[in-house]
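Each chain is listed here by its residues.
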Amino acid sequence: MQRKFLSKKRNPVGPREEKLFCWGYREGDKRRMAGSPITPQNQRSTSLMDNLLGLLRILIKRGVNLAVRDVRSSDPYVVVKMGRQKLKTRVIKKDVNPEWNEDLTLSITDPSLPIKLTVYDHDTFSKDDKMGDAEFDISTYIEALKMNLGEIPSGTIISKVQPGRNNCLAEESTIYWKDGKVVQDICLRLRNVECGEVEIQLQWIDLPGSKGL
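Residues numbered from 1 in each chain as written. Predicted model: local features only at pLDDT ≥ 70, side-chain atom pairs only at ≥ 80, totals over all residues. Heavy atoms only, no water.

A. Layout of the overall build of the protein chain. Helix and strand counts for the protein chain stand at four helices and ten strands. Going from the N terminus to the C terminus, the protein chain shows its helices and strands as α-α-α-β-β-β-β-β-β-α-β-β-β-β. Each of the 213 residues in the protein chain was classed as buried or not, and the buried ones make up 45%. Here the contacts in the protein chain between residues at least 6 apart in sequence split such that 59% fall between residues at least 24 apart. When the accessible area of the protein chain is evaluated, it comes to approximately 12000 Å², of which 48% is carbon and sulfur surface. (Helix = DSSP H or I, 4+ residues; strand = E, 2+ residues; numbered from the N terminus. Buried < 20%, exposed > 50% of the residue type's maximum accessible area, 1.4 Å probe, protein only. Contact = heavy atoms within 4.5 Å. Areas by Shrake-Rupley, 256 points an atom, 1.4 Å probe, with all protein chains shown as cover.)

Right, dumping it as structure tokens:
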């Protein structure tokens, strides 16, 4: 019944965002149903939209100097987690400098939650090996989104975040205005591994009917 209801809902964004947004919706339903009586679907949908701020599109660009986990190379892929949401990229074979250039989209209800990124080496006959992890928060990015920027030139820098002990930044992270959007470029240094960095980019998607920022 859940799937039938979602298929009738008009898609306000692209097909990939719809798929990921629906996944988060189902997880939210399970969480509510575990401790309360089942409520009509239209009520659950309204509650979700009341709490939803928007969508965060994370462009997983590339990995740099990732760890070797096979004989001479690795088959890396990236997993992104935020709360109960879990998304992953495709596997790139035999490459420690992979270029994914793949979008992963999270439904944002609580921007204070950290986002965890983990790189794995895909193995066919055994458990996938970890190739390091990193965390990042979006608080500074959300602050930039709330600014009344008006008409400013594309490429204008809005804010910068410096690397430090309290974050996983490998270098300075820049938040800037690009083609009418607030964008943040991030280079993450992976933890719990001998080497490796992952470059990503953040972009916000306003969702019609959501609470918004």
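B. The layout of surface pockets, seen in detail. Volume-wise, the second largest pocket comes out at about 250 Å³. The wall of the second largest pocket is formed by 15 residues, among which Glu135, Phe136, Asp137, Asn166 and Asn167 lie closest to the centre. Every element with two or more residues in the lining of the second largest pocket is listed here: strand E6 (129–136), helix H4 (139–145) and strand E9 (181–189). Considered class by class, the residues forming the lining of the second largest pocket number seven nonpolar, five polar and three charged. (1 Å grid on protein atoms, 1.4 Å probe; cavity = no way out; pocket = protein on both sides within 12 Å on 5 of 7 lines; lining within 4 Å. Points joined across faces, edges and corners; volume = space filled by probe spheres on them. Nonpolar A, V, L, I, M, F, W, Y, C, P; charged D, E, K, R; others polar.)

C. View of the sheet that holds strand E4 (residues 99–108). Taken in spatial order, the six strands of this open sheet run E4-E1-E10-E9-E8-E7, and their pairing is antiparallel. On the outer flanks of this sheet lie E4 and strand E7 (157–161), each paired with one strand and no other. Across the sheet, the mean angle separating the axes of adjacent strands is 20° when strand polarity is ignored. Relative to E9, strand E8 (residues 173–178) runs antiparallel, the two being bridged by five bridges. Paired with lysine 178 across the two strands is lysine 181, which belongs to E9. (Pairing = 2+ DSSP bridges. Axes fitted to C-alpha atoms, helices over the stretch in contact; angles between N-to-C directions.)

D. Structural detail: the confidence of the model for the protein chain. Across the protein chain, the average pLDDT comes to 83, with 77% of residues at 70 or higher. Counting interchain partners and residues more than four positions distant, the pLDDT-below-50 stretch residues 1–13 has 22 contacts. Note on residues 15–39: pLDDT under 50 across the span, and 42 contacts to partners over four residues away in sequence or across chains. (pLDDT = per-residue confidence, 0-100.)

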